[in-house]
Amino acid sequence: MSNPTEAIKEKSMVIQKEMLGDLFTQLSNAKENGKKVVYTFVPGNLTELILALDMLPVYPEINALQSGMRKKSGSYIKDAEKLGFSEDVCTYVKCDIGMMLNGNIGPTGEQLPPPDLLLLSYTGCFTFLKWFENLERLYPGVEIAMLHTPYQEDGKITDDQINYMVKQLTEEVIPKLEKVAGKKMDYDRLSKMLENSSKSEQLWVEVLQSAKNVPSPIDSYFAGVYYMGPLFTAFRGTEKALEYYQELHNEVFERMRLGLHPINPEGEMKEERFRLVVEGPPNWTNFREFWKIFYDMGAVIVASTYTKVGGVYDGGFRHEPEKPLESLAKYCMGCYTNLNLPQRVDLIEHYIKEYKADGFLINSIKSCNSFSAGQLLIMREIEQRCGVPVGFIESDLVDPRYFSYANIKNRLESYFQMLEQRKIIMQQEGASI
Amino acid sequence: MERLTKTIKECESLAFDLNFKEAKKWKSEGADRVLVGYLPIYVPREIIHAANGLGVGIMGVGDRKQIIKGDAYYQSYICHLPRGIIELALDHNLDGFDGFLFPAICDCVRNLSGMFKIVKKGKFTRYFDYPQNFDMNIGGTFYRELIETVMADIKAINGVEVTVEQLNHSIALYNKNRSLIEKIYNIRQEFPWRLSAVDFYHVLRAGLVIPVERHNEMLEEVYSVIQNDIGEPMDNIRIVISGSFCEQPPIGLIKSIEMAGCYIIDDDFMLGSRWIMGDVDATTDNPLNALVSAFLEKSVPSSAIYDVDNPKGKRLVDQVRMRQADGVIFCAASFCDPALLDRPDLQKACDEAGVAHINFQFHENTGQFKVIKEQAGTFSDSIKLWV
């Protein structure tokens, strides 16, 4: 395995880095500055509500994945296992708990403040519920707000579900947020933030859809996880996020105009050999090595489901300033892992066709039943419906024990050979017609 | 005694009939009867019963069926229960079922509901998304709408309009069912040798596949026999089993624990049959609300319910005290996130309360029990000798 070189940075990346740096500085100074801190989750997050009340969000999943990228997750997980957590359970949870046991040091090396409120917006993952029960016990007496997001079991969002969520928001979640913030919700401010959200979402969708172009100017998975950051976490609804997405949009469309390939940590790709759709989260402990296997082979991910966990915006959803709570409810219910399996298959099929993909690959994550349970059936369905080669690899989110570089590389190389072979056959068949 | 042996034998056969012959036979005896399969842990079977249906618990295949197709549908790191159930579906064991309910207990069961939709099993398939909000006006309203949706699904098949009287009648029958089950647990708490845990397990599990009226008769019979001084007490410790509420341990495992010197005096094996603690009001003119309110206010401690304000650890310790048990065996299925994520906190609560405990994991077709037997035996000896 070669050592990846220093990553090349575009202006949008610099903006994002500044945004994150600023957030973590605010978090480390939160107590001195009297800022309240809310721990919450990425899918179905209620960032605008938190920010509109001048509180700061912390996302335990993001802490976990950053611990994974910083090679700290392995020891955190072992510490949680010493506490009695089974090897079998979600490694995000164990990594987060291990991080707290080790002083709750964030990615900038500064200590993250303890929560003033645990906001469990429980969307698309049953384990979130167990995670926050455990957090509550680590922070006894902390305020808790719970938002139960109904699953789209019938493939649609019903009025009953929206009413249920709006009632939870108005009668329980917002009063609890207001209590902790010590102020009332300013709905005009909230609407303004949702307007910003909607504009950022539009730009984000256009960035994603640029990958329909051949060659694609972006990698929608490996680079996509960076692109989605501001919208899926602490910045949705802010002017800064809007600025970021405007800059990203400009860069990507300029690349597309020039016919350029995606940027990766070693520079610009020179060739697009394979266009893939990927299902499942990436591995974070070996993210760069994992990505390198793809770009070394000229494989570009043109669409991915993971970049929809914080909202399937390319399906048309936008936050609506005129209906703030209804639109937050619909947003939560519309996140990818809250879709039922037939909806997920339909979406992937759509991506493969719309983005002219050569193949479909699943990175099945040991820790994440929400994604992984049913993926083998998804794979069969896609193979039947689309007739493209499908690949299947296994790894984990943040447990380095479950990332086998040689095994994954081997499998992917075989898969790419299969794609290459198919291309040759299809070219021959095309030539003979 | 002879009748009891015969009943238990019958229950054993019913409990593990993976073709659900009795349920299908019941359905064949009436034109508007429907079969609704449900997965662990709980659905309000009263509503199915009142609509001339039979709720049939599908608790997995245990070690009674070789899994071939199911393994092709699930990765190795996913629990065993869903692979057995998809195998049943693909092998046509579930043909004749009209609908399926998948309670909101974990992501595996949730996604299995979508798999059933894709492989087109049943006339309806519902993820039974119980509320995690326990306010009658918020979660209660949502839950009532969920129940009404299922009732509409059944009505679309058989045209039965459920009346208040019918639903109250069904509620009363299930109240009786739960009451009898609790009475048997209470006798076993004091005299566990009168009915082995394995026999009781068979009796409870049989109740998931037959009409409640018939199960009540069986329970009454068991209850009446074990009120007598039968069997020989042994020098065993008394333990509570925790963590087996969904995927069920193989019978060999339950037997091994008992043979190792542990009387199982309480457990969560068939938790769905005991879900509502106490009676649901069967006398109101709004029985749906009675069911909803029972769910919100009287649900048993479970890993499927968000209970930040009512910690499970304390309730487990209370259960141990109430049953006068000597310890807890944490016995969860491998890869069961809900049970295994609860375990550290439950263990901590036991430690703080001075309750002895051990733990192990299983899967429904575990075939080797030697290690478990040794572990349980050592646990029993250590309590007998040192506590």
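Everything below is about the structure shown above.
Presented here is a report on the structure given in the accompanying data block. (Residues numbered from 1 in each chain as written. Chains lettered and ligands numbered in written order. Predicted model: local features only at pLDDT ≥ 70, side-chain atom pairs only at ≥ 80, totals over all residues. Heavy atoms only, no water.)

**Digging into the overall build of chain A**
Link 1 in the chain: When its secondary structure is counted, chain A shows 17 helices and 10 strands.
Link 2 in the chain: Relative to a compact globule of 433 residues, whose C-alpha radius of gyration would be 22 Å, chain A shows 21 Å and is just as compact.
Link 3 in the chain: With respect to the three principal axes, the spread of C-alpha positions in chain A is 75 × 50 × 40 Å.
Link 4 in the chain: The buried share of chain A, reckoned over its 433 residues, is 66%.
Link 5 in the chain: Surface summary for chain A: the accessible area is close to 15100 Å², and the carbon and sulfur share equals 51%.
Link 6 in the chain: Measuring between centres, the 48 positive side-chain charges of chain A sit 2 Å from its 59 negative side-chain charges. (Helix = DSSP H or I, 4+ residues; strand = E, 2+ residues; numbered from the N terminus. Rg over C-alpha atoms; globule rule 2.2 N^0.38 Å. Buried < 20%, exposed > 50% of the residue type's maximum accessible area, 1.4 Å probe, protein only. Areas by Shrake-Rupley, 256 points an atom, 1.4 Å probe, with all protein chains shown as cover. Lys, Arg positive; Asp, Glu negative; His and termini not counted. Charge placed at Lys NZ, Arg CZ, Asp CG, Glu CD.)

**A word on the interface of chain A and chain B**
Link 1 in the chain: Contact with chain A, which involves 55 residues of that partner, is made by 54 residues of chain B.
Link 2 in the chain: Summed over both partners, the interface of chain A with chain B buries about 4800 Å², with 56% contributed by carbon and sulfur atoms.
Link 3 in the chain: Taken as a group, A:F126, A:R137 and A:E153 account for 14% of the area that chain A buries against chain B, more than any other trio of residues on that side.
Link 4 in the chain: Where chain A packs against chain B, one counts 8 salt bridges.
Link 5 in the chain: Ionic pairing is found between B:D345 and A:R137, a salt bridge with its closest N-O pair at 3.3 Å.
Link 6 in the chain: Viewed at the interface, chain B and chain A are joined by 33 residue pairs in polar contact (both at pLDDT 80 or more).
Link 7 in the chain: Among the elements that take part in the side of chain A that touches chain B, helix α6 (residues 126–138) of chain A stands out by supplying 8 residues, more than any other.
Link 8 in the chain: Looking at the side of chain A that touches chain B residue by residue, the class counts come to 23 nonpolar, 16 polar and 16 charged. (Contact = heavy atoms within 4.5 Å. Buried area = accessible area lost by both parts, 1.4 Å probe. Salt bridge = Lys/Arg side-chain N within 4 Å of Asp/Glu carboxyl O. Polar contact = N/O pair within 3.5 Å; in protein donor to acceptor, adjacent residues only side chain to side chain. Nonpolar A, V, L, I, M, F, W, Y, C, P; charged D, E, K, R; others polar.)

**So, the environment of A:Q26**
All names here are of chain A.
Link 1 in the chain: For Q26, the location among the structural elements is in helix α1 (residues 11–28).
Link 2 in the chain: It is 8.1 Å that separates the C-alpha atoms of Q26 and L56, two residues lying 30 residues apart in sequence.
Link 3 in the chain: If we skip the residues at most four places from it in the chain, Q26 touches K35 and L56.

**Topic: the nonpolar core**
Link 1 in the chain: Residues A:F294 and B:W275 are the most contacted members of the largest nonpolar core, which totals 289 residues.
Link 2 in the chain: Residue-level mapping places this core at the junction of two domains, with at least three residues from each of domain 1 (11–188) and domain 2 (191–432) of chain A.
Link 3 in the chain: Contact partners of B:W275, with chain neighbours within four places excluded, come to B:I41, B:Y42, B:Y130, B:F295, B:K298, B:S299, B:V300, B:S302, B:A304 and B:I305. (Core = buried A, V, L, I, M, F, W, Y, C linked by side-chain atoms within 4.5 Å. Domains from an automatic or database assignment.)

**Let's talk about the environment of A:K199**
Link 1 in the chain: Mapping A:K199 onto the fold places it in helix α8 (residues 187–209).
Link 2 in the chain: Residue A:K199 is classed as partly exposed on the basis of its relative accessible area, which comes to 40%.

**Digging into unusual backbone geometry**
Link 1 in the chain: A:V214 connects to A:P215 through a cis peptide bond whose omega is 0°.
Link 2 in the chain: Assignment of secondary structure puts A:P215 in the loop between α8 and α9 (224–227).
Link 3 in the chain: For the peptide bond that leads from B:P40 to B:I41, omega is 10°, which places it in the cis range.
Link 4 in the chain: Locating B:I41 in the fold gives a position in the loop between β1 (34–38) and α3 (45–50).
Link 5 in the chain: One non-glycine residue, B:F20, lies in positive phi territory at about 50°.
Link 6 in the chain: Following the sequence through the fold, B:F20 ends up in the loop between α1 (2–15) and α2 (21–28).
Link 7 in the chain: We classify B:F20 as buried; its relative accessible area is 5%.

Remember that the coordinates give geometry; whether it matters functionally is a separate question.
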